[in-house]
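A closer look at the structure
So the chains spell out like this:
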Amino acid sequence: MDTTEQTNELPPKQTAFRRSEKMYKSWSTRLVDFTNIVDLLVQNSGLDDNNNTVRRVQLTRDLETPTGLHFQAFRHKRPPAYVLGSHPDLIVIPDVLTDEAQRWLARKCLCDCAHPPNRTNLDPFFELPAESLFSISAYRPRDRNSMLLRDQTELIQCRAQHNNIDTGVTVPKDKFYLQPASAEDLLERLRWCTLGKQYNWTTKEYDLGASPFDVEIDGLMKSIAIATTQPENNSNDDRLPCANNYEGSNYVSQAGIINYYDERSTMAGHVDKTEENMDAPLISLSIGLSCVYLIGGNTRDIEPTGLLLRSGDVLVMCGESRLAFHGVPRIIAGSSPKYLIDPSAGSCDTVNPNYPEWSHFARYLATHRVNCNARKCS
């Protein structure tokens, strides 16, 4: 006789946001169904009901290239901008960053920002050098044809060897984090880098001090904040709220995160609510591979909307959308634009000659998405 204790308890209810995440993660590697995803470059895509109707808004201020950049940052001064019926304070400006601006941002995110004093997900486990991992791997690549271990001095030392893994960080089971590694291998494990006020992922506070926020990136973010102030509704419906009531001229980037995704990476649904100032917008720039971006409500029980974000898109979270659950359940392999993955694409860019050749960036961006976002904290 089966003496196993019987129970009538049902499994925990899965939230609407979690169901959507699992659905997009379960797609086969190459076959992607965009039926229910809003694609702002394809008319009427993903619009299954009036609540998710895409509405165009008119920018009332120009997108100006910041002083100090010697190239045109935006394709148009007043490009098409959109909001969703379910999220009228989430502004999306598709394909607005110029080809050169995207290559400039790639160099910034991979070379200028991803090294001390900015912190990364690798800092608790490795003694990272002053130079970026990308620059090291580009200038001093590992010999792929050699079966011999490289000189130990060329390997980046692991904190575990000296028993100084950061307290409060769980020692990983993956042996990769418990032994020296090459810059090239570490670059593939790089997932985030914090800018300005350093965010503590354990305490969920900005309590790790601050580094100088990149002046040029801040200038770009401020231009976007100013241009997206109080856009006009193109609809005749006066009941529609203004997408962004924050005065962008008061905006300054005080903290930011650069996220690095490979083709298998995801970001679980979450809310960014650590900042004291929740009125100022959170501004997000995408380059490289496209992704499915989910935007929900103030609880995970609210059905999220799937939005396709491409390289060069700008997303501005304002008002109530600042407290909305959002995440990235899927990266679209093979979707990086040619002007990023062509090895000779950046040959005519106005850049510092100290950067690696563009071919190294092209190789990386063919299989990665980079997202740079910033916010005003106080």
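Notes on the structure follow. (Residues numbered from 1 in each chain as written. Predicted model: local features only at pLDDT ≥ 70, side-chain atom pairs only at ≥ 80, totals over all residues. Heavy atoms only, no water.)

**Comments concerning the side chain of Arg 369**
- Tracing the backbone shows Arg 369 in strand E14 (residues 368-375).
- For the buried Arg 369, no salt bridge is present, and the opposite-charge side chain at shortest range is Asp 313, 8.0 Å distant.
- Within the structure, Arg 369 has its side chain in polar contact with the side chain of Ser 286 (distance 2.7 Å).
- Apart from residues lying up to four places away in sequence, Arg 369 is in contact with Asn 259, Tyr 260, Tyr 261, Ser 286, Ile 287, Leu 289, Cys 291, Leu 309, Val 328 and Ile 331. (Helix = DSSP H or I, 4+ residues; strand = E, 2+ residues; numbered from the N terminus. Buried < 20%, exposed > 50% of the residue type's maximum accessible area, 1.4 Å probe, protein only. Lys, Arg positive; Asp, Glu negative; His and termini not counted. Salt bridge = Lys/Arg side-chain N within 4 Å of Asp/Glu carboxyl O. Polar contact = N/O pair within 3.5 Å; in protein donor to acceptor, adjacent residues only side chain to side chain. Contact = heavy atoms within 4.5 Å.)

**Thoughts on the packing of helix H2 (residues 99-112) against helix H7 (residues 358-365)**
- Where H2 meets H7, the closest approach of the two axes is 11 Å, and the angle between their N-to-C directions is 85°. Put simply, H2 runs roughly perpendicular to H7. Together, Arg 103, Ala 106, Arg 107, Leu 110 and Cys 111 of H2 and Trp 358, Phe 361, Tyr 364 and Leu 365 of H7 make up the contact between the two elements.
- Split by residue class, the contact of H2 with H7 holds 7 nonpolar, no polar and 2 charged. (Axes fitted to C-alpha atoms, helices over the stretch in contact; angles between N-to-C directions. Parallel < 35°, antiparallel > 145°, perpendicular 65-115°, else oblique. Nonpolar A, V, L, I, M, F, W, Y, C, P; charged D, E, K, R; others polar.)

**Remarks on the environment of Ala 160**
- By secondary structure assignment, the location of Ala 160 is in the loop between helix H3 (133-139) and helix H4 (183-189).
- With relative accessibility at 21%, the residue Ala 160 sits in the partly exposed group.
- For the pair Ala 160 and Val 171, spaced 11 residues apart in the sequence, the C-alpha separation amounts to 8.9 Å.

**Quick word on the packing of H2 against helix H5 (residues 215-227)**
- Here H2 crosses H5 at 135°, and the two axes come no closer than 11 Å. If you check the angle between H2 and H5, you find them oblique. Where H2 crosses over H5, the two elements pack in a sense that is left-handed. Along its contact with H2, which presents Trp 104, Leu 105 and Lys 108, the element H5 presents Glu 216, Ile 217 and Leu 220.
- Residue composition of the contact of H2 with H5, by class: 4 nonpolar, no polar and 2 charged. (Left-handed = near helix turned anticlockwise from the far one by under 90°.)

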